[in-house]
Amino acid sequence: MSDDPNLIRVEGTDRVFHRGRILVVLLIPIAMALVAVSSINVALPSISRGLGATDTDLQWVLSGYALTFGISLVPAGRAGDVLGRGAFFVIGLLLFSVASLACGLAPTPDFLNVARFVQGIGAGLYNPQTMGMIQQYWRGMERARAFALFGMVVAVSVAVGPVLAGFIIQAFGPEIGWRASFLINFPLGLIGCVLALRWFPFGKERQRRAAKKGLREARRLARRNRRPGRLGSPGLVRERIDLDPVGAVVLAVAVLCVMLPFMSRTGGVIWLLLPAGLVLVALWAMWERHYKARGRAPMVDLELFSFTSFSNGTLVAGTYFLGSTSIFVVVALYLQNGLGASALETGLVGLPNAVVSAFSSAWAGRRALIKGRSIVVGALVCAIVGSALSVAVAVLIENAGIGFGWLALPLMLVGLGQGALGSANQTLSLEDVPTSYGGTAGGVKSTAERIGTAIGNAMITAIFFGVVGVAAWEHGFAAAFGAICVCLLVSLVVAVRDRKVSGDGPMAVETR
């Protein structure tokens, strides 16, 4: 094996693979998936006019993607761990790309929503493979740097999405612009698939192909020698693949039941799905324990949660996403509907947030293993202070006549926290997870984030519109950001406890 730490060799080929190239291919599709989430808010008015979509249609444009994305993550992570992460990454990216093309060409709202469902499944298939492959091919500080780039991409993508969509709509006009914001993903996705096929090691896939080839050869020799040979005899053992389909279906339905009520505006009976979903989660956990007790491989080995770093890191992420992902939703509603700002102007307000997020993510990644949990705590404090100052700026906009561009300043402080938290928490939450469970763990963590996003968006936008219905726009903005601060405070409490229990990081120097 080469002494160069950036090179990888795998069994079954003499080729040498480069970690840097692998990381590029992994991270660009993650950016595409998250831009697809954050940019859609800016595009909704244009979609409404272009397709004649109703409010219900637009709701499903938002919710359909998030639902299928959320329910796909854990099964996809498990399948990638068992069958090969590279293959599922390529399949998911191809599906996402074709669905993006369909979205851009959609003739009706129903067609667009079906395409968004498929787009979410594609994103859900490839997303956990990214975390699994970083777990597999990087170690120590190199892994921390890779996760720092991952966190940077996540933070920047969420902030850049509205800017990109606004710019495209401004450049091409409302009718073509929203379509172009989808169509751009198609060529980028195809390029990603080609590069993945050229640059990924496909180690697990090569091992499985070699095992199948060996099995066929052994059977051929057995027939030639007129020996009966049967599966289970020496040299003729078939690999047993156990994807726990019952566990996968039960968890998917449970996640759907938990998320759907928060994404629906119909109210009433649909809220009965929430307790049903919680019951299904309990039944799923019982099934996974039972499945493992029978000597089978559960979809999620619940011992995964015995790793304190993983369970606490997932809880920090879930509660953080409960509040943070609504920030730019509320900003977009306030600026466009309340102040009459354009889509591009709305996006540009968040651009400094993205720039600061990129730098803070890189900074935190280099220090995650040493001072990571202190960084997470500090990042949450920054996000809370930035959110509170955003309310102060909104009050000044309404009462002192300052321009709405001043909102960019407190949102930069929020970005400072977003980038640092995403990078440090991602590294620490998966630090102790065995490599063989990397994709599954990534899927579980991402599912917690998606559920937090669904609940938070529903709760905080409901507060926003509820207050706007009886008071001024700035009051709705203040109430929504107050709720965001409460969610971030909950995350801060969890982060402080995590630091107390687990320390700053695995490479921290203890001082007495």
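Given the structure is predicted, the values throughout are model-derived calculations rather than measurements. Counting starts from 1 at the beginning of each chain's written sequence and moves along it residue by residue. Predicted model: local features are reported for residues with pLDDT of at least 70 only, side-chain atom pairs are reported and counted for 80 or more only, and whole-chain, interface and lining totals are derived from all residues. Values reported for side chains reflect all heavy atoms of the structure, with hydrogen atoms and water molecules removed beforehand.

Asker: Summarise helix H12 (residues 308-324); cite the residues concerned and give the values.
Answerer: Across its 17 residues, H12 extends 23 Å between first and last C-alpha, which sits within 8% of the 24 Å expected from 1.5 Å per residue. Between buried and exposed lies partly exposed: a residue is buried under 20% and exposed over 50% of the maximum accessible area for its type, with that area taken using a 1.4 Å probe on protein chains only. Note on conventions: DSSP H or I runs of at least 4 residues are helices, E runs of at least 2 residues are strands, and numbering of each starts at the N terminus. Burial within H12 is extensive, with 13 of its 17 residues counted as buried. To estimate how far a helix should extend, the number of its residues minus one is multiplied by 1.5 Å.

Asker: Give a detailed account of helix H5 (residues 109-137), specifying residues and quantitative values.
Answerer: Note on helix geometry: an α-helix contains 3.6 residues per turn, so any two residues three or four positions apart are oriented the same way. For H5, spanning 29 residues, the distance from its first C-alpha to its last is 42 Å, which sits close to the expected 42 Å at 1.5 Å a residue. Burial runs high along H5: 22 of the 29 residues are buried.

Asker: Outline the pattern of salt bridges, supporting the account with residue identities and numerical values.
Answerer: Salt bridge criterion: a side-chain nitrogen from Lys or Arg within 4 Å of a carboxyl oxygen from Asp or Glu. One pass over the full model with this rule turns up ten salt bridges. Note that Asp301 and Lys292 form a salt bridge whose closest N and O atoms lie 3.1 Å from each other. On the accessibility criterion, Lys292 (32% relative accessible area) is partly exposed. Of the charged contacts in the structure, one is a salt bridge between Asp498 and Arg373, with a shortest N-O distance of 3.1 Å.

Asker: Help me get a handle on the packing of helix H3 (residues 55-83) against helix H10 (residues 245-263), residues and values and all.
Answerer: The contact between H3 and H10 brings their axes to 9 Å, and the two run at 155°. Considered as vectors, H3 and H10 are oriented roughly antiparallel to each other. The crossing of H3 and H10 is right-handed. Here H3 contributes Gln59, Trp60, Ser63, Ala66, Leu67, Gly70, Ile71, Val74 and Pro75 to the contact with H10, which in turn contributes Ala248, Leu251, Ala252, Val255, Leu256, Met259, Leu260 and Met263. Lines fitted to the C-alpha atoms define the axes, with helices restricted to the stretch that makes contact. Angles between their N-to-C directions range from 0 to 180 degrees. When describing relative orientation, an angle under 35 degrees is termed roughly parallel and one over 145 degrees roughly antiparallel, while 65 to 115 degrees is termed roughly perpendicular and anything else oblique. Take the far helix as the reference: if the near one is turned anticlockwise from it by less than a right angle, the crossing is left-handed, and if turned clockwise, right-handed. Contacts are assigned to residue pairs with any non-hydrogen atoms lying within 4.5 Å of each other.

Asker: For the side chain of Asn353, give the residues involved together with the corresponding values.
Answerer: Take Asn353: it is sitting in helix H15 (residues 351-365). Contacts of Asn353, omitting those with residues within four sequence positions, involve Ala159, Phe328, Leu411, Met412, Val414, Gly415 and Gln418.

Asker: Go over the nonpolar core with me, naming the residues and quoting the values.
Answerer: Core analysis: the largest hydrophobic core is formed by 56 residues, its most contacted members being Ile22, Phe89, Tyr126, Ile134, Phe150 and Phe200. With sequence-adjacent residues up to four places away left out, Phe150 is seen in contact with Leu27, Ile30, Thr130, Met131, Ile134 and Gln426. As used here, the term nonpolar core means buried Ala, Val, Leu, Ile, Met, Phe, Trp, Tyr and Cys residues forming a set that is joined through side-chain atoms within 4.5 Å.

Asker: Break down the environment of Ser360 for me, citing the residues and quoting the values.
Answerer: Turning to its location among the elements, Ser360 is positioned in helix H15. The exposure class of Ser360 is buried, given its relative accessible area of 5%. Between the alpha carbons of Ser360 and Met152 there is a distance of 8.0 Å; along the sequence they are 208 residues apart. Setting aside its immediate chain neighbours within four residues, Ser360 contacts Gly415, Leu416, Gly419 and Ala420. Pairs of N or O atoms within 3.5 Å make up the polar contacts considered here, provided that, within protein, one atom can donate a hydrogen while the other can accept it, and that residues adjacent in sequence are counted only when both atoms are side-chain atoms. A polar contact is formed between the side chain of Ser360 and the backbone oxygen of Ser357, at a distance of 3.2 Å.

Asker: A description of the confidence of the model for the protein chain should follow, citing residues and the corresponding values.
Answerer: Known as pLDDT, the predictor's confidence for each residue is given on a scale from 0 to 100. When the pLDDT values of the protein chain are averaged, the result is 88; 96% of them are 70 or greater. Within the protein chain, helix H4 (residues 85-104) carries the highest mean pLDDT (96), whereas helix H9 (residues 203-224) carries the lowest (80). Across residues 229-233, confidence stays below pLDDT 50; counting only partners more than four residues off in sequence or on other chains, it has seven contacts.

Asker: How would you sum up the packing of helix H6 (residues 140-172) against helix H7 (residues 174-183)? Please name residues and give values.
Answerer: Two quantities define a packed helix pair, namely the angle between the helix axes and the distance between the axes. Contact geometry of H6 with H7 gives a least axis separation of 7 Å together with a crossing angle of 140°. Comparing the axis directions of H6 and H7 gives the class oblique. Where H6 crosses over H7, the handedness of that crossing is right-handed. Contacts between H6 and H7 involve Ile168, Ile169 and Phe172 from the former and Pro174, Ile176, Gly177, Trp178, Ala180 and Ser181 from the latter. Amino acids are sorted into nonpolar (Ala, Val, Leu, Ile, Met, Phe, Trp, Tyr, Cys and Pro), charged (Asp, Glu, Lys and Arg) and polar (every other residue, Gly among them). Here the contact of H6 with H7 is composed, by residue class, of seven nonpolar, two polar and no charged.

Asker: A description of unusual backbone geometry should follow, citing residues and the corresponding values.
Answerer: Its identity as a non-glycine residue notwithstanding, Phe202 has a phi of 55°, on the positive side. Residue classification places Phe202 among the buried residues on the basis of a relative accessible area of 13%. Phi at Asp244 takes a positive value of approximately 50°, unusual for a residue other than glycine. Inspection of the secondary structure puts Asp244 in the loop between H9 and H10. A relative accessible area of 0% means that Asp244 is categorised as buried.

Asker: Report on the packing of aromatic side chains, specifying residues and quantitative values.
Answerer: Here a ring pair, both rings aromatic, is described through the centre-centre distance and the interplanar angle of the planes. Stacked, tilted and edge-to-face are the three classes applied to pairs of Phe, Tyr and Trp rings, where Trp contributes its six-membered ring and a pair requires centres within 6.5 Å; stacked means planes under 30 degrees apart, edge-to-face means over 60, and tilted covers the rest. Counted according to the given criterion, the structure contains 16 aromatic pairs. Measuring from ring centre to ring centre gives 5.4 Å for Phe464 and Phe465, while their planes differ by 75°; the resulting arrangement is edge-to-face. Taking the relative accessible area as the measure of exposure, Phe464 reaches 0% and is therefore buried. Taken together, Phe89, Phe96, Tyr126, Phe200 and Phe202 form an aromatic cluster joined through their ring pairs.

Asker: Account for the side chain of Arg179, with residues named and values stated.
Answerer: The residue Arg179 is located in helix H7 in this model. Sequence-distant contacts of Arg179, that is, excluding residues within four places in its chain, are made with Leu51, Gly104, Leu105 and Ala106.

Asker: Describe the environment of Arg373, and please don't skip the residues or the numbers.
Answerer: The residue Arg373 is located in helix H16 (residues 368-399) in this model. Residue classification places Arg373 among the buried residues on the basis of a relative accessible area of 6%. Remark: the alpha-carbon pair of Arg373 and Cys487, spanning 114 residues in sequence, is separated by 19 Å.

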